[in-house]
Amino acid sequence: MMSNLAERLALVRERISEAARQANRDPAAITLVAVTKNHPPALVAEAIAAGVTDVGENRVQEAQTKLAALRELRPQVRWHLIGHLQRNKAQLAAELFDVVHSVDSLRLAEALARQVAPKRRLPILLQINVSGEASKEGFDLPGGVANHTGLAALLPVVASLLALPTLEVRGLMTIAPLLADPNAARPTFRALRELRDELARRFPATSWAELSMGMSDDFSVAIAEGATSVRIGRALFGARG
Ligand SMILES: *Cc1c(COP(=O)(O)O)cnc(C)c1O
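Here goes a summary of the coordinates provided. Treat the numbers as computed from the prediction; the structure is a model and nothing was measured. (Residues numbered from 1 in each chain as written. Predicted model: local features only at pLDDT ≥ 70, side-chain atom pairs only at ≥ 80, totals over all residues. Heavy atoms only, no water.)

Turning our attention to the overall build of the chain. Broken down by element type, the chain carries 9 helices and 9 strands. Here the chain has a C-alpha radius of gyration of 17 Å; the compact-globule value for 241 residues is 18 Å, and the two agree. Excluding contacts between residues fewer than 6 apart, the proportion of contacts in the chain whose partners are at least 24 apart in sequence is 61%. Summing over all exposed atoms, the chain offers an accessible surface of approximately 11,000 Å²; the carbon and sulfur share of this is 52%. The average position of the 29 basic charges and that of the 25 acidic charges among the side chains of the chain differ by 4 Å. (Helix = DSSP H or I, 4+ residues; strand = E, 2+ residues; numbered from the N terminus. Rg over C-alpha atoms; globule rule 2.2 N^0.38 Å. Contact = heavy atoms within 4.5 Å. Areas by Shrake-Rupley, 256 points an atom, 1.4 Å probe, with all protein chains shown as cover. Lys, Arg positive; Asp, Glu negative; His and termini not counted. Charge placed at Lys NZ, Arg CZ, Asp CG, Glu CD.)

Here we come to the pattern of salt bridges. Overall, the coordinates contain 16 salt bridges when judged by the stated rule. Residue Arg170 pairs with Glu168 through a salt bridge whose shortest N-O separation is 3.0 Å. Since its relative accessible area comes to 25%, Glu168 is described here as partly exposed. Across the salt bridge formed by Arg193 and Glu225, the nearest N and O atoms sit 2.5 Å from each other. Of the two residues, Arg193 is situated in helix α7 (residues 186–202) and Glu225 in the loop between α8 (219–224) and β9 (229–232); the sequence distance between them amounts to 32 residues. What makes Glu225 buried here is its relative accessible area of 3%. Through salt bridges with shared partners, a single network forms among Glu57, Arg59, Glu62 and Lys66. (Salt bridge = Lys/Arg side-chain N within 4 Å of Asp/Glu carboxyl O. Buried < 20%, exposed > 50% of the residue type's maximum accessible area, 1.4 Å probe, protein only.)

So, about the site of the ligand. In the region of the ligand, the neighbouring residues are Val35, Lys37, Ile82, Ile175, Met215, Ser216, Arg231, Ile232, Gly233, Arg234 and Arg240. Between the ligand and Arg231, the relevant distance is 2.8 Å, taken from a nitrogen atom to a side-chain nitrogen or oxygen of the residue. The fraction of the free accessible surface of the ligand (390 Å²) that becomes covered by protein chains is 93%. Classifying every residue of the shell around the ligand gives 5 nonpolar, 2 polar and 4 charged. (Near = heavy atom within 4 Å. Polar contact = N/O pair within 3.5 Å; in protein donor to acceptor, adjacent residues only side chain to side chain. Nonpolar A, V, L, I, M, F, W, Y, C, P; charged D, E, K, R; others polar.)

Formed by 73 residues in total, the largest nonpolar core has its most connected members in Leu112, Ile124 and Leu126. Element by element, the count of residues in this core is highest for helix α1 (residues 2–22), at 6 residues. Not counting chain neighbours up to four residues away, the residues in contact with Leu126 comprise His101, Val103, Phe139, Val158, Leu161, Val169, Gly171, Leu172, Met173 and Trp208. (Core = buried A, V, L, I, M, F, W, Y, C linked by side-chain atoms within 4.5 Å.)

The next thing to look at is the packing of helix α6 (residues 148–162) against α7. A pair of packed helices is characterised by two quantities: the angle between their axes and the separation of those axes. The interhelical angle for the contact between α6 and α7, taken along N-to-C directions, is 55°, at an axis separation of 12 Å. On the basis of the axis angle, α6 is oblique to α7. Considering only the axes of α6 and α7, their crossing is right-handed. Here α6 contributes Leu151, Leu154, Leu155 and Val158 to the contact with α7, which in turn contributes Leu195, Glu198, Leu199 and Arg202. Across the contact of α6 with α7, the residue classes tally to 6 nonpolar, no polar and 2 charged. (Axes fitted to C-alpha atoms, helices over the stretch in contact; angles between N-to-C directions. Parallel < 35°, antiparallel > 145°, perpendicular 65-115°, else oblique. Left-handed = near helix turned anticlockwise from the far one by under 90°.)

Moving on: the pairing of strand β1 (residues 31–35). Consecutive side chains of a regular strand alternate in pointing toward one face of the sheet and then the other. Counting buried positions along β1 yields 4 of 5 residues, so the element is predominantly enclosed. Two strands pair when backbone bridges link them, and β1 and β9 are joined in this way by 4 bridges, in the parallel orientation. Bridge pairing links Leu32 to Val230 in β9. In this structure, β1 lies alongside strand β2 (residues 54–57), joined through 2 bridges in parallel fashion. Considered in β2, the bridge of Val35 is made with Gly56. (Pairing = 2+ DSSP bridges.)

Structure representation (structure tokens):
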């Protein structure tokens, strides 16, 4: 079991490095976020023992249970919230997580900002729905920067978000449509990168360095398009219960 996970981790790392090399990028600039949702704390502990430094969870309460079980491992790991966050769980999320990838509305950002201790700044990413799938969370910008009306509506929202003093916007996150051919996700990843570049031009005081995109089936394509964090579950842990 242990060696199995260690082998899968090594294989995923190798594929990340290979994708980075092919894109002339430094593999060390890409963070592997191991997505442990629906898996028990013991498996998270195993992953950490095997060298995982970043863990992704999509539900606040599930993460709370795991963090309680893994309290002594807390300092070794960064916890990433990658799933939709309800405003009534903002306080708990601000306490538990090191990074929130899934900020998808100004109201949520404001709720989160109120829960962060005044001297702290919580790193966040803005989740963007660039693919236009109705089922997806995120700020809607179907078509990306080519969508001029959508962009014009988004910019003042981003400006308000950047003004929240306890949040530190680091970049963008997206979920590509699930398609049989990973290359079909490329336009979504490219659209997120182009939006990031546009926001960096418009709001140069913010770094916008982070692009959280790519999952088990499409992370190589995401890395080719500039991903700095890939969120990988099944390729490491197999099917979820
Ligand atoms: C579950 C999940 C992942 C990981 O997906 P896999 O296909 O298991 O790699 C990544 N991102 C988000 C937002 C998820 O909910």
